[in-house]
There are 2 protein chains.
Amino acid sequence: MSDTVVVGLDVGGTSTRAAALTLTGQRLGTGRAGGGNPTSHGAERAAAEIGAALRGAVADVDPARVRAGAIGLAGAGRLHADPDGRAAFDRAWRDAGLRCPYAVHGDALVAYASGTASPDGTVLIAGTGAIAAQVRDLRLDRAADGHGWLLGDAGSGFWLGREAVRRLLADLDQGRQPGALGTRLLTELLGSDRVAARPRDTVDALVQAVTCRAPVELARLAPLVVAAAVDAEPVAVGLIGAAAGHLADSAARIRPADAVEPVVVGGGLLTADTPLATAVCAELARRWPGAPLSTAGDGAAAAAWLAARDLPEVTDPAALHALLVPPAA
Amino acid sequence: MSDTVVVGLDVGGTSTRAAALTLTGQRLGTGRAGGGNPTSHGAERAAAEIGAALRGAVADVDPARVRAGAIGLAGAGRLHADPDGRAAFDRAWRDAGLRCPYAVHGDALVAYASGTASPDGTVLIAGTGAIAAQVRDLRLDRAADGHGWLLGDAGSGFWLGREAVRRLLADLDQGRQPGALGTRLLTELLGSDRVAARPRDTVDALVQAVTCRAPVELARLAPLVVAAAVDAEPVAVGLIGAAAGHLADSAARIRPADAVEPVVVGGGLLTADTPLATAVCAELARRWPGAPLSTAGDGAAAAAWLAARDLPEVTDPAALHALLVPPAA
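Residues numbered from 1 in each chain as written. Chains lettered and ligands numbered in written order. Predicted model: local features only at pLDDT ≥ 70, side-chain atom pairs only at ≥ 80, totals over all residues. Heavy atoms only, no water.

Mapping chain A onto chain B calls for a rotation angle of 180 degrees and an axial translation of 0.0 Å; the resulting RMSD is 0.1 Å. The symmetry that links the two subunits is that of a two-fold axis. Among all C-alpha atoms of chain A, that of Leu 150 of chain A lies closest to the rotation axis, at 4.1 Å. A share of 100% of the interface residues of chain A reappears at the interface of chain B, consistent with the copies meeting face to face through the same patch. (Least-squares fit on C-alpha atoms with pLDDT ≥ 70 in both. Contact = heavy atoms within 4.5 Å.)

Quick look at the structure:
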């Protein structure tokens, strides 16, 4: 058993991480590369990034020892309809010298498994977008939201950025002087916090500055909202509270009111120590008292654990989870 | 005075209308053509459509009798920064044989003037988008919303369509059977009202069906919401009420709480006899009791009236309004 190695990858939009681990929890190697999602980056680039991360992880490992692997990927379900993407993954796997099979899981399942070993529970993710999902027997079951910025992602980074701009526009419409958050947004979007003599000119300039970029770039304003909320700026505090409510509402669409199974929170906005993470955890604890709450951690290790669970020598998956997947800091 | 003719044009996104009127209210000609907005259609096409509408209106008029003209245009303010657009308008004007000057006004001002002769008041417009504006001395003063679908247009046709799809997605997330409005949306967007065995497949198909089109096309779903509200479908009735609240809120951003000046409602969603028009007028009457409420009517005639007001022989603009601008049906 100590010879066996498992490999996990966590493929994100901006970075890919890989880990090679023994079943005793020894970390033999890690790898890191750029974003490797075949849907957003194309099959060739995805294969190159995944290959780079994989090679980093198994550089000092005899490939024959690697007995199982798993890849966590946003939109994993689409890979089955994308032969080029699947072929690119196969090639990257082979080119790294690996001969064992590998599984592809949704990133939400991997985020869930990075926070708990429980086969059943809920995962709530907020980054650029937002989604909640039920996990049954370590498979994604029902989901709520994740509908994208145009139709959903309530409480996400996109939502925070858009709502912050909307509050600023409402202030300008009413002839009010922008508050501290509005001032930061003006500087970020227009290069100056000065409101024109005709406030409508500033309104038009803001609308123009936002609409000349891709809509999803509104998510880049979320850190300004978070920072303003840390400073107790009232508009930002209100938006953070509303976002936490939306995220908890999404979880409530799929999680029974009396559930006591774990909830894992993940995504850039909830894994960092932000006022939103605090507000979401408080809201979850209020709605589901007694349910264990944890934060998503090392996705690559969690993917490796998901792969290892199917090996015949693994008899206690929960114990293996404690060895392989470090708790979030 | 009876020799004097004034010409007005109402240039919209999908149609252009022109009217030639005497100062006694005799309608000497009308013209109609396709959308003629230089921003959305290009200067050449705009000039061609405006020219066609103008020629229709003055076909039987001695051009030397035309003493004043005005054009109502969405985004009129941008025309000053668009020399090509301005030159195209000049050319269309000359090619129709007209030698008098003409003014270009925002479409919101023309909609306002088509509903009242009062120099001061409020106009509230809801079509694909939504905007409210204060009018002072027959010029557009402050505005609220009109921020476009990404950041605003609360209560507009876009908003109604998007919110209707969001309610349907929320029902599917929760495993609920869609109601009557949701069923109509499924048929419209997916060609069938059947929900897949895995409702998430229907969710994904809906998100795909919406996001593969231009976002603003969500406004095409607004008539389904209006029709469902006529049938008292509860989700649609709720959305219509929320839209009316948003539209009245936009007006309240710029209109004092104690204002008694007229309010004119315009745009395709408020000039037709729809539940939204009824709800908006009820909400406006509740918030501003005693203020006259009217519906936008003939924009081309209103533009002609705006042009005529500056002629020296016009001494009673309100009386002239009664002669030139027919009340909305």
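Additional details are given in the paragraphs that follow.
What follows is about the domain arrangement of chain A. When the parts come together, some accessible area is lost, and that loss is often what is quoted as the size of the interface. Residue and element names in this part refer to chain A. Domain parsing of chain A yields domain 1 (5–115 + 297–324) and domain 2 (119–296). Taken together, both faces of the contact between domain 1 and domain 2 bury some 1,000 Å²; the carbon and sulfur share is 76%. Summed over the three residues of domain 1 that lose the most area to domain 2, namely Ala 108, Leu 109 and Tyr 112, the buried surface amounts to 57% of that side. Counting across the interface, domain 1 meets domain 2 through zero salt bridges. (Domains from an automatic or database assignment. Buried area = accessible area lost by both parts, 1.4 Å probe. Salt bridge = Lys/Arg side-chain N within 4 Å of Asp/Glu carboxyl O.)

Before going further, it helps to examine the nonpolar core. Soluble globular proteins tend to pack their nonpolar side chains together in the buried interior. Counting residues in each nonpolar core, the largest one holds 54 residues, and the members touching the most others are Leu 160, Leu 276 and Val 280 of chain A. Examining the composition of this core, we find that nine residues originate from one element, helix H10 (residues 234–254) of chain A, more than from any other. In contact with Leu 160 of chain A, not counting residues within four places along its chain, are Ala 222, Val 225, Leu 239, Ile 240, Ala 243, Leu 269 and Leu 276 of chain A. With 53 residues, the next largest nonpolar core counts Ala 130, Val 165, Leu 185 and Ala 259 of chain B among its residues. (Core = buried A, V, L, I, M, F, W, Y, C linked by side-chain atoms within 4.5 Å. Buried < 20%, exposed > 50% of the residue type's maximum accessible area, 1.4 Å probe, protein only. Helix = DSSP H or I, 4+ residues; strand = E, 2+ residues; numbered from the N terminus.)

The next thing to look at is empty space enclosed by the protein. According to the stated counting rule, one finds two cavities of 30 Å³ or more in the structure shown. In terms of lining, the largest cavity is formed by Ala 164, Arg 167, Leu 168, Asp 171, Gly 179, Leu 181, Gly 182, Leu 185, Glu 233 and Val 235 of chain B. Counting residues per element, the ones that place at least two in the lining of the largest cavity are helix H6 (157–173) and helix H7 (180–190) of chain B. At four residues, the largest contribution of residues to the lining of the largest cavity is made by H6 of chain B. Looking at the lining of the largest cavity residue by residue, the classes come out as five nonpolar, two polar and three charged. Trp 149, Leu 150 and Arg 162 of chain A together with Trp 149, Leu 150, Phe 158 and Arg 162 of chain B are the residues that line the second largest cavity. When grouped by side-chain class, the residues that make up the lining of the second largest cavity number five nonpolar, no polar and two charged. (1 Å grid on protein atoms, 1.4 Å probe; cavity = no way out; pocket = protein on both sides within 12 Å on 5 of 7 lines; lining within 4 Å. Points joined across faces, edges and corners; volume = space filled by probe spheres on them. Nonpolar A, V, L, I, M, F, W, Y, C, P; charged D, E, K, R; others polar.)

This part takes up the sheet that holds strand E10 (residues 293–295) of chain B. Across a sheet, paired strands are connected by hydrogen bonds in the backbone, their directions being either parallel or antiparallel. Residue and element names in this part refer to chain B. Overall, mixed pairing links the five strands, which are arranged E8-E7-E6-E9-E10 in an open sheet. Lying at the two open borders of the sheet, with one neighbouring strand each, are strand E8 (139–145) and E10. Geometrically, the sheet is characterised by an average inter-axis angle of 25 degrees between neighbouring strands, direction not taken into account. Contacts between helix H12 (residues 275–287) and the sheet are confined to strand E6 (121–126), strand E9 (263–266) and E10, with E9 contributing the most and set at about 165 degrees to the helix. (Pairing = 2+ DSSP bridges. Axes fitted to C-alpha atoms, helices over the stretch in contact; angles between N-to-C directions.)

Quick look at the interface of chain A and chain B now. Between chain A and chain B, the residue contacts involve 29 residues of the former and 29 residues of the latter. Roughly 2,300 Å² of surface becomes buried between chain A and chain B when both sides are summed, with 61% attributable to carbon and sulfur atoms. Between chain A and chain B we count two salt bridges in total. For Arg 253 of chain B, the salt bridge identified is with Asp 173 of chain A, shortest N-O distance 2.8 Å. Scanning the region where chain A abuts chain B turns up 14 residue pairs in polar contact (both at pLDDT 80 or more). Within the residue set of the side of chain A that touches chain B, elements represented by two or more residues are strand E8 (139–145), helix H6 (157–173), helix H8 (199–211) and H10 of chain A. The dominant element in the side of chain A that touches chain B, judged by the number of residues it contributes, is H6 of chain A, at seven residues. Of the residues in the side of chain A that touches chain B, the class split is 17 nonpolar, five polar and seven charged. (Polar contact = N/O pair within 3.5 Å; in protein donor to acceptor, adjacent residues only side chain to side chain.)

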